[in-house]
Every structure is written in C-alpha cells, then in structure tokens.
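Summary of structural features
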Amino acid sequence: MAFGNLLIYSAVFMGLYTTIFFLLTILENRHHLYRPKLQKNFPSVSIIVPCYNEEKSIAQTIESLLALDYPHKKLDILVIDDGSKDKTFKVAKQFEKGGIVKVYHKENGGKYTALNYGLARIKTEFVGTLDADSFVGSQSLKTMLPFFSETNVQAVTSSLKIYQPKTVFQYLQNIEYTFGIFLRKTLSFMGSIKVTPGPLTLFRRSVFEKIGYYRKAHQTEDLEIGFRLQSHNFQIENAVDAHVYTVAPASFKPLYKQRVRWYQGLLRNGWDYRRLLSFQHGNLGLFILPVTYLGLFSLLSVSGLILAQIVTKVSNAFISWQAIGFDISQLHFHFDWFFLNSHLLIFLGLLSAVFTVIAIFMGQKLSKSVFSIDFSKGIILAALFYGPLYLSWWLGATTQVLLNRHPNWVKEKEVI
Amino acid sequence: MTNENPKKKIRVGKYLLVLLLTGFIFSLGFWLSHDIDRFKLSQVNNLRQDLQLDVLSAEVQFSLLSANVCEHIDDSSLTSELYAIGQRLGYMEGALGRNDPEVIRLKKQYSLLEIKQWQLTKKAQEQCQAQLIPILYFYANQEDCPSCDQQGYVLTYLRSKYPFLRVYSFDATLEISALQTLKSLYSLKQAPPIIIVGDQPYYGFRDREEIESILPEVFDTLKQNQTQEKSKEVSPES
C-alpha cells in the first residue's frame, strides 16, 4: 500500500504542478492572447473539406465557408468526396456554380487520401483543412492569418466549440472543448501544440513540400502531422478568436468510438515519434509529452487502486450483510463533521478541481463565449461523469493497442 | 533540424518557481490536514476526560453506598459517551494509522475506561438488579484476525438491536497490564476473535443467531444470581 500511496501522491503532485504551470503561462502572456485582424494584403487561401457520408452537414459546412469575411477571389474551397455512399457529392455539387467551390469525387481510401487529393490540386500560398461536420465563424481566416507574419510559423489552429449541444454527452463535451481552448492557447505559448485539428487548421502550402503529405497515421492524421511539424521544430500557433463549431457525437457509443480512435492514435503516433522526448524539443520533449504519458499511466494505475478500494468496501458491506443480514431498522444516518475526511488528498483534489474550473472559465472567456444554463449543466455533468468516461476511453484505447487492433474510421462514421 | 522554435525553449527559472509554488501548496495541504487530524484527536481526548469524570462520579456514588444509589445510577449516558469515543478513535486510527503514538495512548486510556465501566455494569447488575448483559470482545487487526471485522459488525448490530447489551471491545494486542489481567481472569489463551458473554468465553467467530441464542440463557443465570443475592439480603432480617 505504501507504493500505492506514493503513486497517488506523485500523480496528484504532477497534476497540481501542471495546472499551476498552465495558469501561470496564461497569466504571463495575458497581453499576447490575441492578434489584430488582417485588414489588407489578403493572401490566397484554399480550404480542403474531406467528406464521407456527410449529406446532412456538408451544405452547412460549405455555406459557412462561403460566408467567411474574406475576399472571394482569394478563396478556393475544395470538397473531396471520399467515395460516400449517400448524397454528399450531389449536395456539394450544388455549390459549384459560384466558382469558388470545386467538388471532387474519388474512391474511398480514408480521410488522409482525401486531404492529399486536395493538396495535390492547390496552388495557393495557404491551405486550410476543415472537417465536413464543422462550421467556421466568419472572422476565422482574418484572425488566423496574422500569425504567419513570423516565418517559422507553419500552422495555425483555431478554437473548437460544440455546435448546438443538445444531449447530455454534448453538454459534457462542450465543457471539455472549452477546457481544450484554454489548453491549446497555453500550449501555443510553450511551442507545444501537438495536434492540428481537422476542424480548421491553416498551413503554409510550402510546408507540405518540406515535410511531405498526410499519412494514414493510425487513423489520426491530424495528430501525426502535428507531431511531424514538431519534429522539424516548426511553430504551431493558435488563434483563440477563430471559432469553429463542430457536430459532436450525441451518445455514448459514437463518442466512445471516436475517443478510442483518438487516444490509440496518440499512443501509436507517440511511439512512432518517441524521438520527440528529448532536450532538443524543450517544453514539448521534456514536459508536455512526458506529462501526457505519465498522466495516462497515473490515470490507469490510480483508477486501479480506487477500484480496489471500492471492491474492499463492497466486500466489507457483503461481509456485514452475511454476518447480520439486512435490517432496515439499522439504516439510520446522521451527520457528524468529525467524520469528514480531512485527508491531504481531499484538500489537493479540491484545489485541483478549483483550478480546472478556473481553466474552463478562462477557456470560455478566451473564446468570448457567453455563460449559459447549458454551460452550467455541462459543468455539473462533467464533474459527475467525465472521470469514468475518460477512463473508459483510455481503457478502450490501451486495450486496442495491446491487442494490436486498429479502429475503422469508415465504421465510426456509420455509427455517427 | 535547422529550424528554431523559441517558444519551446525551457526557462529553468519558471519550472523552479512552479516547483516551489506546488511544493508550498503541498506542504500547506499536508500541514492543514495534519492539524485538523490533531485537532480531532484533542477532541477525542476531551471526550475521554469528560467520561473519566463521569465514571469517577459513578464510582463515588457506589462507594458511598447510600440507600437510593440505584435510582441515581444511569449508565446509558456513560455508554453512549463511551461508544462515541470508540467510534471516533476507530476513525482516527484509520486516518493516522494504528501505529500513531497518540492514537495508541488514547486507545490505552479508552481501554482502561472500558474496564472501569464494565466493573460498574457488573456492580449495577449485582447491587441494583440491573437487567444488563456485558459482552467483552477481544479483537486484533485484519492481518492477524481476518474474521474480526465480521465479528465487529455482528456485535455493533446486536448492541443497537438489544439496548440491554453493553459491548466492551479491546484490542488484544495493546500492551497494558490491566488488559492482561482481565484476560488472565478468564484464562484467555487463544487468538481473537474472543467474546465473553455471561462470564463464558467463546473463541472464534460467532454469528448473530449464535449470540442471540446464548442471550436467554445468560438472562436466566443473571436472574437466578440476582434472586439469590436478594434472598441473601432478605434472610438475615427474617
């Protein structure tokens, strides 16, 4: 048990250290959170929209791109239908008339092949990727492009939000994504962003000539390309006021499949890019990546310990039940403050929870969102269920990696 | 790799500052929880002192042996005080560990008070015809006595079901001479769990039904003894 205690205390210490580090980072960069919007000299930009069976959302995705506050003569939209079985191609084709949207159809080969298909057909200075179930805010390009004034910046990410959350799982993800907004901005100040999300990331076109095109990358190409950019020491920035709204999985099963795919991708790509764990990669190599993997180890082992404690409690209750049987007259509760747990872990756990809530509210403020009833619902739901859910995703991902199973993006799409 | 990413650069000073801050918060938390635990222990100690006074007062009442002493002797408040201390001590044992010197010291004092109260109960039985059954229970920790937890549940249950039961629990491993004397009174040799009901020791785990089946027998013996005592008191006058 002494080892178990040491493990729990180390995990709590690491969690607390990381949270304080992040809060301090945001605090010291509070005057550099936003950049002035691009007002003139608009460069040419192409946006690639890879899609597979997205007939329900593709029209709205294209409409949001057409509504971008950006000169249309400088904008190209390439919709790549990756062999959809539904009417995605037909729906997208209706937008071709204006000349900005070009729709291509290819045989199904996976998301990365659709992205590469688009990359091979563009000539513009900048290229963006946008998932077909996501909608951009009108000011996105104007807020993202100024970051490219620094020559080493090769990619700029945006602020991801959940599109009109309606179900319990979407409320919960809304909170998670808001925390993600805080996290991504913080990581940008440490040069440590490791994912360039499918829902809107802008790249310099030339970077793909230097580092190569997208790869299958264990079905998480947006993570692999982030790792690859980092391995070349290229800078990835974050425009926190560039808003993108994405349709989130509405129930447990599709959410579970999505997360297992993401996290197994993190494990497998993490292994492929284990060379990033070095001095050369500074904050990323010596802090962010180790904390990510140690955090996973802590999550699994501490959960195991907690589970063991729950099993002991349940077996004690069983022993008690065996010994005395069930007698309703014995069920009387009374509150006595003396028995409140004053353990160090409770104190630190509460403190970490407070810091996390601060980070979530900072994420909300950074992305200039308005506090709503739905948001507070999400906070309560997240406090109650996020832990077990997060654990289930990681358990699923770790099992897949250990059993050498690979997720199927097409099947996942069918579930959604 | 010729590119430069200045933002990746490690600033040792910042890492150290955060380490210092985290260390400070950690120590603060440690100090705070330690302080609260000590405060709780001092509360247990206060309760123990109150009980000590009450027990002493009851003893003095007995020793004065005034005519209506039995009317004034009420052990229910003493019992509930004793149980409250027992519960709190058990909790503190879990929080601070069974080897904490302060916990051990309080446990020893608690055991002595239990013995004293057990004597009072016996006196109340003999002199005041009190319909009470004391149970002495000797336990040990989980490793040495796997069934002690279960025995504890049974006794707690019976105690709350039958208000006439008085359960006095002793950690058999406590090094305290009064406890050893008590054990030797009943010539206890085997390992816990041991319960003594009506001066009869029972070794090993005893379930609810078993103990419940012993109780009427103990009551009968108690009544017989009390009748004999009474007749002894009455006979000289007649």
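All figures in this text were calculated on a predicted structure; none of them were measured in a lab. (Residues numbered from 1 in each chain as written. Chains lettered and ligands numbered in written order. Predicted model: local features only at pLDDT ≥ 70, side-chain atom pairs only at ≥ 80, totals over all residues.)

1. What to know about the sheet that holds strand 4 (residues 200-203) of chain B
Residues and elements named next belong to chain B. Inclusion rule: Whether two strands pair comes down to DSSP finding at least two bridges between them. Going along the chain from the N terminus, every DSSP run of H or I of four or more residues is numbered as a helix, and every run of E of two or more is numbered as a strand. Lines fitted to the C-alpha atoms define the axes, with helices restricted to the stretch that makes contact. Angles between their N-to-C directions range from 0 to 180 degrees. By the convention adopted here, residues are in contact when the distance between their C-beta atoms, placed from the backbone, does not exceed 7 Å.
Spatially, the four strands line up as an open sheet ordered 2-1-3-4, and their pairing is mixed. Edge positions in the sheet fall to strand 2 (165-171) and strand 4, since each of these pairs with one other strand and no more. Neighbouring strand axes in the sheet, compared pairwise and without regard to direction, differ in orientation by 20° on average. Packed onto the sheet, helix 4 (residues 101-128) meets strand 1 (133-139) and strand 2 and runs at close to 150° relative to strand 2. The sheet contacts of helix 5 (residues 148-161) involve strand 1 and strand 2, and relative to strand 1 the element is tilted by about 165°.

2. Some words on the nonpolar core
Threshold: The term nonpolar core refers to a set of buried Ala, Val, Leu, Ile, Met, Phe, Trp, Tyr and Cys residues connected through C-beta atoms within 7 Å. As a rule, residues whose C-beta atom has 12 or fewer other C-beta atoms within 10 Å are exposed, those with 20 or more are buried, and those in between are partly exposed; C-beta atoms are placed from the backbone.
In this structure, Ile 48, Val 49, Ile 62, Ile 77, Val 79, Ile 80 and Met 144 of chain A are the most contacted members of the largest nonpolar core, which totals 96 residues. Among the elements that line this core, the one with the most residues is helix 6 (residues 168-189) of chain A, at nine residues. Setting aside residues up to four positions removed in sequence, Ile 48 of chain A forms contacts with Leu 78, Ile 80, Leu 115, Gly 118, Leu 119, Val 127 and Thr 129 of chain A. Ile 135, Phe 138, Val 167 and Ile 211 of chain B belong to the second-largest nonpolar core, a separate cluster that totals 20 residues.

3. With respect to the packing of helix 6 of chain A against helix 11 (residues 344-366) of chain A
Residues and elements named next belong to chain A. Rule in force here: Each angle receives one of four descriptions, namely roughly parallel if under 35 degrees, roughly antiparallel if over 145, roughly perpendicular if within 65 to 115, and oblique otherwise. Following the grouping adopted for this structure description, the nonpolar residues are Ala, Val, Leu, Ile, Met, Phe, Trp, Tyr, Cys and Pro, the charged ones are Asp, Glu, Lys and Arg, and the polar ones are all others, Gly among them.
Where helix 6 contacts helix 11, the two axes come as close as 7 Å, and the packing angle between them is 80°. Judged by the angle between their axes, helix 6 and helix 11 are roughly perpendicular. Between helix 6, through Ile 175, Thr 178, Phe 179, Ile 181, Phe 182 and Lys 185, and helix 11, the contact on the second element is made entirely by Ala 359, Ile 360, Met 362, Gly 363, Gln 364 and Leu 366. Split into classes, the residues belonging to the contact of helix 6 with helix 11 amount to eight nonpolar, three polar and one charged.

4. Description of the interface of chain A and chain B
Listed per partner, the contact involves 35 residues of chain A and 33 residues of chain B. Put simply, the parts of the chain that give the side of chain A that touches chain B at least two residues each are helix 1 (2-28), helix 10 (282-324) and helix 11 of chain A. Looking at the side of chain A that touches chain B element by element, the count peaks at nine residues for helix 10 of chain A.

5. A short note on the confidence of the model for chain B
Residue and element names in this part refer to chain B. Spelled out, the test is: Known as pLDDT, the predictor's per-residue confidence is scaled from 0 to 100.
Overall, the predicted model of chain B reaches an average pLDDT of 80, with 86% of residues at or above 70. Model confidence for chain B, summarised as mean pLDDT per element, is weakest for helix 2 (residues 69-72) at 62 and strongest for strand 3 (residues 194-197) at 91. Interface confidence in the predicted complex, given as ipTM, is 0.83; pTM for the same model is 0.76.

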